There are 2 protein chains.
Amino acid sequence: MSEDMIRVTYRLETPGDPAALAAKIASDQSTGTFTVLPGETAEVKARCAARVLSVTTLADTETPSFPTEGNRFHRADVVIGYPLEAVGTDIAALMTITVGGVYSVRGLSGVRVMDFDLPPAFARHPGPQFGIDGSRALTNVYGRPIIGSIIKPALGLAPADTAVMVKELCEAGVDFIKDDEKLMSPGYSPLADRINAVMPVIDAHEQNTGKRVMYAWGISSADPDQMMENHDLVVRAGGNAGVININSIGYGGMTFLRKRSQLCLHAHRNGWDILTRHTGLGMEFAAYGKIWRLLGVDQFQINGIAAKYWEPDDSFVRSFQSCATPIFSLKDRPLPVVGSGQWGGQAVETYARTGQTTDLMYLGGGGIHGHPGGAASGVAAIRQAWEAAVQGVSLVDYAKDHKALAQALQKFGGK
Amino acid sequence: MSEDMIRVTYRLETPGDPAALAAKIASDQSTGTFTVLPGETAEVKARCAARVLSVTTLADTETPSFPTEGNRFHRADVVIGYPLEAVGTDIAALMTITVGGVYSVRGLSGVRVMDFDLPPAFARHPGPQFGIDGSRALTNVYGRPIIGSIIKPALGLAPADTAVMVKELCEAGVDFIKDDEKLMSPGYSPLADRINAVMPVIDAHEQNTGKRVMYAWGISSADPDQMMENHDLVVRAGGNAGVININSIGYGGMTFLRKRSQLCLHAHRNGWDILTRHTGLGMEFAAYGKIWRLLGVDQFQINGIAAKYWEPDDSFVRSFQSCATPIFSLKDRPLPVVGSGQWGGQAVETYARTGQTTDLMYLGGGGIHGHPGGAASGVAAIRQAWEAAVQGVSLVDYAKDHKALAQALQKFGGK
């Protein structure tokens, strides 16, 4: 029985009784409607009815998550089991039945999907094609984080200007470069032109140094056919990675691409924030990330310590831990991509709080481009910060005989 | 200049200064990063920088939308203009740049995307293939709402049982039947088997009566290839419509399907609620609906008056008005599908509040199946209620010589 059950954990908040609401959800999301119907037989219920498996009461709150009348709201973590028979393994069915419908239920003052516990049948999904091992093999970086950077400014650079910046970043020693997630194929920098301008720089750098920098191209399109054309352009030019804006291509775009992809897929989750930013609403990354991992994300952007965006450090740490935890096998772990406002100063805390691993990509944008000693010093500072973290030395101590780190500390660490 | 500008209206809420935050958003979402960069030249800024076009101050609030420290939060409706040159017309780029990134900005205590004002270049998107006129032509219903019903229970019926219910609904006089949005192709009712069981019933009904009932099949899949297989199964069997769970297939699935579709696409927006239910967060339907209309939704489920779900009537009315308003032409208007807890009793108010139009589909699930006189009486009650609405007669008066409506009023109207 347990192998055939999809278990979803929800944090429910309501002015009423959470257990009763859970029972209503289980009924609405399987066999019920607002009036008793002739077809809702015992046999149908037995085959397809969702069931409340547990209700764990949490402390009440006086502040409703959705604006709601009242002054006391009850909360519980509720696990509902959905028979696999009733849902199947299609992600569209899973999300429609166990998530989409639940968000619409009347009487909730808050609802957050905390996690999915999926039966083995979901292992049919492809998962990452490259993941951690593949990302390391493609970059030939071992024993430390893969260090990456982002082309800035995000928008507005002509392809020739991008190529200049790529050359500088290659020479600065990065392992990975990406288009800003906002850059796909606009009029001033069509993807084909950008590839034509940039790829020779990457090829030349490989010829000169033996090091092939991974470049993730902005291949996203809401049109899967167009996205595949973008993908093919990259592949034909010898590229090995693409940036995909997962929420902007959707499950359909992702599934279509992954089936045909030869690229390492670097996922940016823009749009995700509105689903998780209110702690009483939406979804935890643990749940969200699992779906996209099953669909094939290889590298997953998850912010970082002291990100420039809204996300608190604890949320980032939970996301990292979730990425590092297998769903069905070690291979379904994506490479966590730690970015946003990173310049090396967060290396010690990142290392300490994410299980003392270096299996991650560490992305510096302004932290590399804006280093007072230039981009090479920006990359060096990040490498030095990670050396300090792994050796258990404070950054201040390590900076005493590491000039790039010292400069970074002075410019970025002075708050 | 105006033709080349994408204008997005946001409702911002912040403990700080909304105008300053708007300026930061415009910078972050185009050319900026957290430190001044060499590449961010005047030329780049001129070509691609987003600009704050207006700031309309709203009343302060003491209750933050995102949990946020403080006791006074300032609000404003802000219009930001993004050069078309910087974004292009790809929906993935539009959503990444103008929506996804904005949700992540630090310092917001609330953010809601109110509307998109898109330049004519976006008219390249296909829009509805059938829309209002096509839906009427396929059902041959004019001068009144298209009346539809949903197979219930949502999950668990074997194909043969579904066929029995379809026969009953056809004989009851409905114009349209749909799979519940939760039903796609599960093990107990694979789509192919369901088609084989149900389509002969629809064909026979047409032969007997001359009336071809439109049936919308649950063709959604997160895999566009699978969805096209589902689509083709329906087309080969002579079917004319599909239910698509738009959030569960994503922009990619929708775009892929619309390019190839021969079916009238009936959209269910499950999952949408979490984006709009908190009035200070997420998105208005006016914005959301436009995107999906451009991508090709023909029939758009938008709840109804006194829905069984959380949505207030005012929100439904705004959604209806938005659907009824052209983006670029009359042809991009989808057929509004009024459903959820509908049994006819809401016809008068619906008609009054949505512009006295009958250009809509009116969906009864339990209101038809659960009518005390049987499904035929359920359909009759709905037709009678709409006759009353159009004639300006109250339901109670109209029910005096319309028995089905009288029974419906007694069973469903007694609260």
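Just so you know, these numbers come straight off a predicted model, no measurement behind them.

**Here we look at the sheet that holds strand β2 (residues 51–61) of chain B**
Residue and element names in this part refer to chain B.
Okay, so step 1: Pairing in this open sheet of 5 strands is mixed, and the strands run β2-β3-β1-β4-β10 from one edge to the other. The strands lining the two open edges of the sheet, one partner per strand, are β2 and β10 (281–283). Taken over all neighbouring pairs, the strand axes of this sheet differ in orientation by 15 degrees on average, direction set aside.
Okay, so step 2: Summarising the sheet, strand β1 (residues 5–14) and strand β3 (residues 73–83) pair through 10 bridges and their orientation is antiparallel. Of the residues in β3, the one forming a bridge with isoleucine 6 is tyrosine 82.
Okay, so step 3: Each of β4 (110–117) and β10 is contacted by helix α11 (residues 285–295), which is oriented at about 50 degrees to β4, the strand it contacts most.

**Quick notes on the UniProt feature "domain: Ribulose bisphosphate carboxylase large subunit C-terminal" (unreviewed entry) in chain A**
Okay, so step 1: Per the UniProt record, the feature "domain: Ribulose bisphosphate carboxylase large subunit C-terminal" (unreviewed entry) sits at residues 131–412 of chain A.
Okay, so step 2: Strand forms 13% of residues 131–412 of chain A and helix 49%; the C-alpha atoms that close the span are 31 Å apart.

**Concerning the pairing of strand β9 (residues 264–268) of chain A**
Residue and element names in this part refer to chain A.
Okay, so step 1: Of all 5 residues in β9, 5 are buried, a share of seventy percent or more.
Okay, so step 2: Of the pairings in the sheet, the one linking strand β8 (residues 241–245) to β9 comprises 5 bridges and is parallel in character. Looking at β9, one finds that alanine 241 is bridged to cysteine 264.
Okay, so step 3: Handedness of the crossover joining β8 and β9 through helix α9 (residues 246–260) is recorded here as right-handed.

**With respect to empty space enclosed by the protein**
Okay, so step 1: All told, the structure shown has 6 cavities of 30 Å³ or more when counted by the stated rule.
Okay, so step 2: Space inside the largest cavity adds up to approximately 630 Å³.
Okay, so step 3: Considering the residues around the largest cavity, the lining is formed by 32 residues, among which Asn247, Tyr251 and Leu275 of chain A together with Asn247 and Leu275 of chain B are closest to the centre.
Okay, so step 4: Those elements that place two or more of their residues in the lining of the largest cavity are α4 (91–100), α9, α10 (273–276) and α11 (285–295) of chain A together with α4 (91–100), α9 (246–260), α10 (273–276) and α11 of chain B.
Okay, so step 5: If one sorts the elements of the lining of the largest cavity by residue count, α9 of chain B sits on top with 5 residues.
Okay, so step 6: Counted as a void, the second largest cavity has a volume near 430 Å³.
Okay, so step 7: Forming the boundary of the second largest cavity are 31 residues, of which Glu181, His268, Gln301, Tyr309 and Ser340 of chain A lie nearest the centre.
Okay, so step 8: Its residues assigned to classes, the lining of the second largest cavity comprises 5 nonpolar, 17 polar and 9 charged.

**Focus on the relation of the copies chain A and chain B**
Okay, so step 1: By a simple turn and slide, chain A fits onto chain B: the slide is 0.0 Å along the axis, the RMSD is 0.0 Å, and the turn is 180 degrees. Considering both components of the superposition, the chain copies are consistent with a two-fold axis. Relative to the rotation axis, the C-alpha of glycine 250 of chain A is the closest in chain A, positioned 1.9 Å from it.
Okay, so step 2: Interface residue correspondence from chain A to chain B reaches 100%, placing this contact among same-surface, isologous pairings.

**A short note on the packing of α11 of chain B against helix α12 (residues 313–324) of chain B**
Residue and element names in this part refer to chain B.
Okay, so step 1: Closest axis-to-axis distance for the α11/α12 pair is 9 Å, and the angle between their directions is 40 degrees. The angle between α11 and α12 places the two elements in the oblique class. For the crossing formed where α11 meets α12, the hand is right-handed. Residues Phe285, Ala286 and Arg293 of α11 pack against Ser319, Ser322 and Cys323 of α12.
Okay, so step 2: Within the contact of α11 with α12, the residues separate by chemical class into 3 nonpolar, 2 polar and 1 charged.

**Some thoughts on the packing of aromatic side chains**
Okay, so step 1: Considering all chains together, one arrives at 25 aromatic pairs over all chains under this definition.
Okay, so step 2: On the numbers, 4.0 Å between centres and 25 degrees between planes, the contact of tryptophan 272 of chain A with tyrosine 288 of chain A is stacked. Of this pair, tryptophan 272 of chain A sits in the loop between β9 and α10 while tyrosine 288 of chain A sits in helix α11, placing them 16 residues apart in sequence. Take tryptophan 272 of chain A and tyrosine 288 of chain A: they sit in the same class, and that class is buried.
Okay, so step 3: Measuring from centroid to centroid gives 6.1 Å for tryptophan 272 of chain B and phenylalanine 285 of chain B, while their planes differ by 75 degrees, and the two rings are edge-to-face. Placement of tryptophan 272 of chain B in the loop between β9 (264–268) and α10 and of phenylalanine 285 of chain B in helix α11 is noted, with a sequence separation of 13 residues between them. The same class applies to tryptophan 272 of chain B as to phenylalanine 285 of chain B, namely buried.
Okay, so step 4: Each residue in the set Tyr251, Trp272, Phe285, Tyr288, Trp292 and Phe300 of chain A is aromatic and connected to the rest through ring pairs, giving one cluster.
Okay, so step 5: Across the ring face of phenylalanine 256 of chain A, the terminal group of arginine 260 of chain A is positioned such that the distance to the ring centre comes to 3.6 Å.

Thresholds, definitions, all that
- Residues numbered from 1 in each chain as written.
- Chains lettered and ligands numbered in written order.
- Predicted model: local features only at pLDDT ≥ 70, side-chain atom pairs only at ≥ 80, totals over all residues.
- Heavy atoms only, no water.
- Pairing = 2+ DSSP bridges.
- Helix = DSSP H or I, 4+ residues; strand = E, 2+ residues; numbered from the N terminus.
- Axes fitted to C-alpha atoms, helices over the stretch in contact; angles between N-to-C directions.
- Contact = heavy atoms within 4.5 Å.
- UniProt positions renumbered as here; feature names shortened; annotations may be inferred.
- Buried < 20%, exposed > 50% of the residue type's maximum accessible area, 1.4 Å probe, protein only.
- Right-handed = clockwise from strand over helix to strand, strands pointing away.
- 1 Å grid on protein atoms, 1.4 Å probe; cavity = no way out; pocket = protein on both sides within 12 Å on 5 of 7 lines; lining within 4 Å.
- Points joined across faces, edges and corners; volume = space filled by probe spheres on them.
- Nonpolar A, V, L, I, M, F, W, Y, C, P; charged D, E, K, R; others polar.
- Least-squares fit on C-alpha atoms with pLDDT ≥ 70 in both.
- Parallel < 35°, antiparallel > 145°, perpendicular 65-115°, else oblique.
- Left-handed = near helix turned anticlockwise from the far one by under 90°.
- Phe/Tyr/Trp six-rings, centres within 6.5 Å; stacked < 30°, edge-to-face > 60°.
- Lys NZ or Arg CZ within 6 Å of the ring centre and 35° of its normal.

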